[in-house]
Amino acid sequence: SGAERGDLSDWLRRDEGQGWQPLARGLNMATAVEGAPGAADGGSSSSVSSSVSSAPPVAVEAVAAEWMLEFACSCLCRHFAEQSGAEFWRWRDVAQALINGLSQIPPHQKKTVYLCQLLIRIAQGKSLGLQFENDQRISPLESALSFWTLLEREEIKLAKLHEDIRRLIQIQIVAVHMENRYFKEAAEVLERLFTDSDSDKPLRVKLATVIKTKDPYVPLLQSFSYSLLISKVKSYIKLFMKENETNFLIQEATKHVASKGLGTTTLQDRPVEDNENDKSLNNMHNVGKNEVSLACSRRRQRWTHEEDLELNLGVKEFGVGNWAKILVHGNFNNRTSVMLKDRCNKCIF
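For every chain, the first residue of its written sequence is number 1, and the numbers climb from 1 along that sequence. Only residues with pLDDT of at least 70 get local features here, since the model is predicted, and only at 80 or more are side-chain atom pairs given and counted; chain-wide, interface and lining totals rely on the full set of residues. Neither water nor hydrogens contribute to the side-chain values; these are computed over all heavy atoms in the structure.

Stated precisely, the cut-off is as follows: UniProt positions are given in the numbering used here, feature names are shortened, and annotations may be inferred rather than shown by experiment.
Under an unreviewed UniProt entry, the chain has the name Telomeric repeat-binding factor 1 and belongs to Lamprotornis superbus. UniProt lists a comment for the chain under the heading Subcellular location (unreviewed entry), and it reads "Chromosome, Telomere".

As structure tokens, then:
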């Protein structure tokens, strides 16, 4: 499948040149330290140089690529957690270039590859116009779910966190479609997401009911929000980073920085170009605030004369109390069935 190959559409590679800069630096460094163990044991610089020059280039490239992929994934995780847009997309390019160069995924690097692809998709999960799979119906979050499924197969000790993230991705796949008023597509994706198993049935029924209301701000979707999904993914990242803190390239880079007395000034002062990718990630930390503010602003929104007419006609056609039907059939501006009920109680038709 596209998920296992790690294939991406052309848009994801458009700034690949910039991403190759840290890749080249890392490969040079990895090649230079290939003979480092001998040097640590007291070997001379000439013996190290001889060891490096005699090493088969293909083997050196393979080892360096593994180190770089682990390092790129580590950077991707850190910048996702910190919401550092420009750096996240730069390391995305590095990771994707390395993943695309794999003829097959080594068993010990499956988690690394799957996590990179998961983060890239979740970072742009609200952009339904983006395509990661050949099937154009598959949204970024639905593609992310396929990688989360692959990650789940690689470990069994985080069952509760796995279940929480899986449920949140499933709910947000539906929520994002509804936020964009793609209600028909939301119903279709629901059929793809859930099997007929008894464990899936309660959530499936609830989401089917939510879709029928055509209200993206119902309590279920607000309780299992996108911001909560991001928070849970960050928790998983923290555990992943702890497991991979012995990454060789990170250790060597850390030693180099310490030995040279280098600080963070150079990185902080580096100019960064702003683009749409940066905005999508940088704005993720505002998702929770935006979800609340949208709901609050909607509650404060004044009723128009046209909406009152729609409500009046709906009450006459469906009767008082059938607010969901009135909402579905009426032309209202970001209203909920509760709002219709409250407005009806305040007005005399």
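### Here's the deal with the overall build of the chain
The line we're drawing: Helix and strand assignments come from DSSP, with helices taken as H or I runs of at least 4 residues and strands as E runs of at least 2, each series counted from the N terminus. Here the term buried applies to any residue with accessible area under 20% of the maximum for its type, exposed to any over 50%, and partly exposed to those in between, with areas from a 1.4 Å probe on protein chains only. Whether two residues touch is decided by their heavy atoms; if any such pair falls within 4.5 Å, the residues are in contact. Working definition of accessibility: Shrake-Rupley area with a 1.4 Å probe, residue cover restricted to the visible protein chains.
Looking only at helices and strands, the chain features 20 helices and 0 strands. Taken over 349 residues, the chain has a buried fraction of 44%. Look at the contacts in the chain between residues 6 or more apart in sequence, and 72% of them connect residues 24 or more apart. By element, 53% of the accessible surface of the chain is carried by carbon and sulfur atoms, the whole surface being about 18800 Å².

### Here's the deal with the nonpolar core
Defined as follows: Only buried residues count toward a nonpolar core. Its members are Ala, Val, Leu, Ile, Met, Phe, Trp, Tyr and Cys residues joined through side-chain atoms within 4.5 Å.
Counting residues in each nonpolar core, the largest one holds 69 residues, and the members touching the most others are Phe80, Leu115, Leu118, Ile122, Val174 and Leu207. Setting aside anything within four residues of it in sequence, one finds leucine 115 in contact with Cys73, Cys77, Leu151, Tyr236 and Phe240.

### So, the packing of aromatic side chains
Put simply, the rule is: When the centres of two rings from Phe, Tyr and Trp lie within 6.5 Å, Trp using its six-membered ring, the rings pair. Their planes under 30 degrees apart give stacked, over 60 give edge-to-face, and anything left gives tilted.
Following the criterion strictly, the structure yields 5 aromatic pairs and no others. Geometrically, the ring pair formed by phenylalanine 88 and tryptophan 89 is edge-to-face, given 4.9 Å between the ring centres and 85° between the ring planes. The exposure classification of phenylalanine 88 matches that of tryptophan 89, with both residues buried. Their ring planes at 80° and their centres at 5.0 Å tell us that tryptophan 148 and tyrosine 236 sit as a pair that is edge-to-face. Linking tryptophan 148 in helix α8 (residues 140-154) with tyrosine 236 in helix α13 (residues 226-243), this pair joins segments that are 88 residues apart in sequence. When its relative accessible area of 0% is taken as the criterion, tryptophan 148 is described as buried. For tyrosine 236, a relative accessible area of 2% puts it in the buried group.

### Brief notes about the environment of arginine 153
Along the chain, arginine 153 falls in helix α8. Put simply, arginine 153 and lysine 111 are 42 residues apart on the chain and 9.4 Å apart in space, counted from C-alpha to C-alpha.

### A closer look at the packing of α8 against helix α9 (residues 159-179)
How we decide: Here, axes are lines fitted to C-alpha atoms. For helices the fit covers the stretch in contact, and angles between N-to-C directions go from 0 to 180 degrees. By the definition adopted for this analysis, an angle is roughly parallel if under 35 degrees, roughly antiparallel if over 145, roughly perpendicular if from 65 to 115, and oblique otherwise. Left-handed describes a crossing whose near helix is turned anticlockwise from the far helix through less than a right angle; right-handed describes the clockwise counterpart. Ten residues, namely Ala, Val, Leu, Ile, Met, Phe, Trp, Tyr, Cys and Pro, are considered nonpolar, four, namely Asp, Glu, Lys and Arg, are considered charged, and the remaining ones, Gly among them, are considered polar.
With their axes 9 Å apart at the nearest point, α8 and α9 run at an angle of 165° to one another. Considering their axes alone, α8 and α9 lie roughly antiparallel with respect to each other. The handedness of the crossing between α8 and α9 comes out as left-handed. Across from Leu141, Glu142, Leu145, Trp148, Thr149 and Glu152 in α8, the residues of α9 making contact are Leu161, His162, Glu163, Ile165, Arg166, Ile169, Gln170, Gln172, Ile173 and Val176. In terms of residue class, the contact of α8 with α9 is built from 8 nonpolar, 4 polar and 4 charged.

### Quick word on helix α10 (residues 183-193)
Put simply, the rule reads: When we speak of the arc, we mean the arc of directions from the helix axis to the C-beta atoms.
Within α10, the full set of buried residues consists of Phe183, Ala186, Val189, Leu190 and Leu193. Down the axis of α10, the smallest arc covering the buried residues is 110°, so these residues share one side. For α10, exposure combined with an orientation more than 90 degrees from the buried face picks out Lys184 and Glu191. In this structure, the buried residues of α10 make contact with α8, α9 and α11 (201-213).

### A word on the side chain of glutamate 142
Here glutamate 142 lies in helix α8. If near-sequence neighbours (up to four positions away) are discounted, glutamate 142 is found in contact with Arg137, Ile173, Val189, Arg192 and Leu193.

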